[in-house]
Structures are given as structure tokens and as C-alpha cells.
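# Fold and geometry: a report
So you can see what is in the structure, the chains are spelled out below.
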Amino acid sequence: MWAHIKNLKYYIGIIIEVIHTIIQAISHYIFSTTEKNIRNEIVLITGSGNGLGQQMALLFAKRGAIVVLCDIDENGNAQTAELIAKELALTPNNENRVFTYKCDIGNRDEVHQLLGNIERDVGDITMLINNAAVLSSKSILEMTEEEYSRCLNVNLFAAYWLIRQILPSMMTRNHGHIVTILGTTAVFGLGNFSDICTAKFGLVGLMESVDHELTLGGYDGIYTTSAVTHYLSTNLYQLAKTRFNPLVPPLTLDYAAKKIMHAILINRKWVCVPRFYYLIPLIKGILPSRAFLILLNAFINPKIPIYIRKESIDKLNRVDSLSPTFHGNQSNGLYHHAHRKRSYLSTCD
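Residues numbered from 1 in each chain as written. Predicted model: local features only at pLDDT ≥ 70, side-chain atom pairs only at ≥ 80, totals over all residues. Heavy atoms only, no water.

Attention now goes to the pattern of salt bridges. Counting across every chain of the model gives 8 salt bridges. Of the charged contacts in the structure, one is a salt bridge between Lys269 and Asp211, with a shortest N-O distance of 2.7 Å. Here Lys269 is found in the loop between helix H7 (253–265) and strand S7 (270–273), whereas its partner Asp211 is found in helix H6 (residues 194–216), with 58 residues between them in sequence. One salt bridge connects Asp254 with Lys258, and the closest N-O pair in it is separated by 3.4 Å. One end of the pair is Asp254 and the other is Lys258, both in helix H7 and 4 residues apart, which spans about a single turn. (Salt bridge = Lys/Arg side-chain N within 4 Å of Asp/Glu carboxyl O. Helix = DSSP H or I, 4+ residues; strand = E, 2+ residues; numbered from the N terminus.)

Turning our attention to unusual backbone geometry. Excluding glycine, most residues fall at negative phi; most peptide bonds, likewise, are trans. The linkage connecting Val273 with the following residue, Pro274, adopts the cis geometry, with an omega of 0 degrees. Within the secondary structure, Pro274 is located in the loop between S7 and helix H8 (279–286). Look at Asn40: it is not a glycine, yet its phi comes out positive at around 70 degrees. Looking at the element boundaries, Asn40 is found in the loop between helix H1 (2–31) and strand S1 (42–46). Even without a glycine there, the phi angle at Asn267 is positive, about 60 degrees.

Okay, the packing of helix H2 (residues 51–62) against helix H3 (residues 74–88) next. With their axes 10 Å apart at the nearest point, H2 and H3 run at an angle of 35 degrees to one another. Of the two possible hands of crossing, H2 and H3 adopt the one that is right-handed. Note on element contacts: H3 touches H2 through Gly76, Gln79, Thr80, Leu83, Ile84, Glu87 and Leu88, opposite Gln54, Ala57, Leu58, Ala61 and Lys62. Among the residues making up the contact of H2 with H3, the classes are represented as 6 nonpolar, 4 polar and 2 charged. (Axes fitted to C-alpha atoms, helices over the stretch in contact; angles between N-to-C directions. Left-handed = near helix turned anticlockwise from the far one by under 90°. Contact = heavy atoms within 4.5 Å. Nonpolar A, V, L, I, M, F, W, Y, C, P; charged D, E, K, R; others polar.)

Turning our attention to the pairing of strand S4 (residues 127–130). Because side chains alternate across S4, one face comprises the buried residues Met127 and Ile129, and the other comprises Leu128 and Asn130, equally buried. Direction of pairing for S1 relative to S4: parallel, over a ladder of 3 bridges. Each bridged residue has a counterpart across the sheet, and for Leu44 the counterpart in S4 is Leu128. Here S4 runs beside strand S5 (residues 176–181); their pairing, made up of 4 bridges, is parallel. (Buried < 20%, exposed > 50% of the residue type's maximum accessible area, 1.4 Å probe, protein only. Pairing = 2+ DSSP bridges.)

Taking 1.5 Å of rise per residue, 13 residues should cover 18 Å, and H7 covers 18 Å from first to last C-alpha, within 8% of that figure. Residues of H7 that are buried include every one of Leu253, Ala256, Ala257, Ile260, Met261, Ala263, Ile264 and Leu265, and no others. Among the structural elements, H2, S4, S5, strand S6 (222–229) and S7 are those in contact with the buried residues of H7. Positive phi shows up at Asn267, right after H7, with a value of about 60 degrees. (Expected span 1.5 Å × (residues − 1).)

The next point concerns the sheet that holds S6. The sheet built from 7 strands is open, its strands ordered S3-S2-S1-S4-S5-S6-S7 with parallel pairing. Each edge of the open sheet is held by one strand with a lone partner, namely strand S3 (98–102) and S7. Neighbour-to-neighbour, the strand axes of the sheet open up by a mean angle of 15 degrees, direction not taken into account. Looking at chain direction, S5 and S6 are connected through 6 bridges and run parallel. Along S6, the bridge assignment pairs Ile178 with Thr224. Each of S1, strand S2 (66–71), S4 and S5 touches H2; the most contacted strand, S1, lies at about 170 degrees to it. Each of S1, S4, S5 and S6 touches helix H5 (residues 145–173); the most contacted strand, S4, lies at about 170 degrees to it.

Before going further, it helps to examine the side chain of Ser226. Positionally, Ser226 belongs in strand S6. On the basis of relative accessibility, which here comes to 5%, the residue Ser226 falls in the buried class. The contact partners of Ser226, leaving out residues within four places of it in the chain, are Thr180, Leu182, Met207, Lys269, Trp270 and Val271.

Mapped onto the fold, Arg275 is located in the loop between S7 and H8. Judged by its relative accessible area of 57%, Arg275 is exposed. Here the alpha-carbon distance between Arg275 and Thr229, two residues 46 residues apart in the chain, equals 9.2 Å.

Laid out in C-alpha cells, this is it:
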């Protein structure tokens, strides 16, 4: 009898704690706009040579952070450093606010060497921005194993290597922030993007697991932020087009960077830009998989068509060559294509 009462008290306490946490989270989301001070924080940004990484580097530098730029593109990195120096009017007396390093973060040995050089030249990293990304934009059968492995190394394993080596120093001081830049490929699997979808889905799990470990360890001074963005007007997604384009065109770098920056500065764990992406996991969980796929085919149509309407034979052949249908055995390394008109519903059969 008393055992049941104790269990009941335990579960009631858990429910009360959950409700209290939800109320706190809602209150923080609505009312808390106080951004933390990051002056003199040492911020490592990967993929800083262009695009979103470059814009984030500029925003961090403007707030007084010591910015460490990492990119395989040495010229792009130098341009980012020049842009920061120009915007902040840096002089030789304070030019040590920006450090540049060339590194292929898809190579584990180079990552370890990079972190050793940063520790020697700058100090312990207190903020990590995992931003660098590559993708092949090919079907899983057209993609080579080397391309697939390269994408996983740059997008997923690099984050693991960086976090594993940087986190101990953060834990020693109970101070730090780990940020990962995701995209639509972290919210749902998309045809012809199996490499980056695998990596980004893995990053979501990695970030949630790290955050849970920090919570269990009592490290309340180390924060994590995962940022999901709509298509950006960058070279990586310059060809991406969706049915949402007239309503939600690709985001400008300045807009996306400022939204992500604000989320980081108020220690938000998860941020979606724009906000309607918060609804996608809910819709995906509620709708039957067939219904979700119909919506996916109808609205999200990036670069490579997911479905085919009644069009000319030439266009049909061109699309079929991107998504081959296989019949029988492979012969002489050539795949036999079978033309098939696909509708919204037939793609779900």
C-alpha cells in the first residue's frame, strides 16, 4: 500500500516538474530578450570563407568576440578576415581579434592539428560553430562511395571530432556553447540528397545526446544550439527551388545569420528560420507517411524533380535519367531505364 503511495507521489512530482519546465520555457520564449555578452569569447567557425559562415563571423566580431576562421578555401578565409577588419576598422594594435586557418575538416588528422594550433596561438575555444557543409546532389545509385564518405566526414564526423576535443576544456570551466547549423535536410529525408540527409539527421542525434550528457553531468554553463534554416541564397543551394518560393523565397544571408545569432545569444537549444519549420516534425508525426509524401512532392521540389507531370517525352527522358528504374539484372555496367509517368499519388505506391 505504502509502496503504491510512494510511486504515486513520485509520478505526481515528475508531472509537476514537467509542467513547471514548460511554463518556464514558454515564459523564456515570450519575455526573455536579454542577450548574453560574448566579448572576448574565442569562437571557432568552420566554413567561414563564404556564405552563412562569413556572415556569422562578422556578427560575432562586431560583438567583441575573438573570431577563429576555419575553411579549406584559403582565399575565402582571407576575404572574410579583410571584411571584418574593414567593418570594425581594426588596426595593427588589435588585429589579434581575428585568426585564420586553412583546414580540411573532413580529414581527422588536419582537425586535430588545427585545434592544437588554435590552442597554441589563441587559447581554449569557448564557442564552436559547426557550419561547413558539402553535398553531392545525386541519387544514391549515382553517388560514389567516396562522395558519400566525404559528405559524412565533413558534415557529421568533423562535428564529432571537434566536439570531442573541445568539450573537455569547456567542462573544466563549466562554460561554453556548441552550435550546429542544419537545414531542411535535417527535418525530412529528401530524394537525391541521401548523403547530406544522413549527416544532418545524425547531427540532430549527436547534439541532443551531447546536451543530455551535459544535463546529466550538471554542466549548466555549457549550452547547445541547433539551427534549422530554409534554403539560403548561397552557392551551395543556388539551384534549389521549391513550390514555396513565391511565398517563402530563399533567405538572405543577413536575415538568417541575425536570427541564428539571436537564438545563440539567448541560449535557445533549437531554432527554425522561418518559424513554420517548427511544424514539420509535428505534421510528419501526425499524418500517414503516404499523406506526408504527397505534401512533400507537391511543395518541396528542389533542383531535381521529385515527380513528373504530363510533359514532353524529351523532358521525361531527362528526368528519368536522374531517377532510373531498374528491371532485371545490371548488364555491362549499364542500367536499363523504363519510362514511367508519375503522378502525385503514384509516387507513393
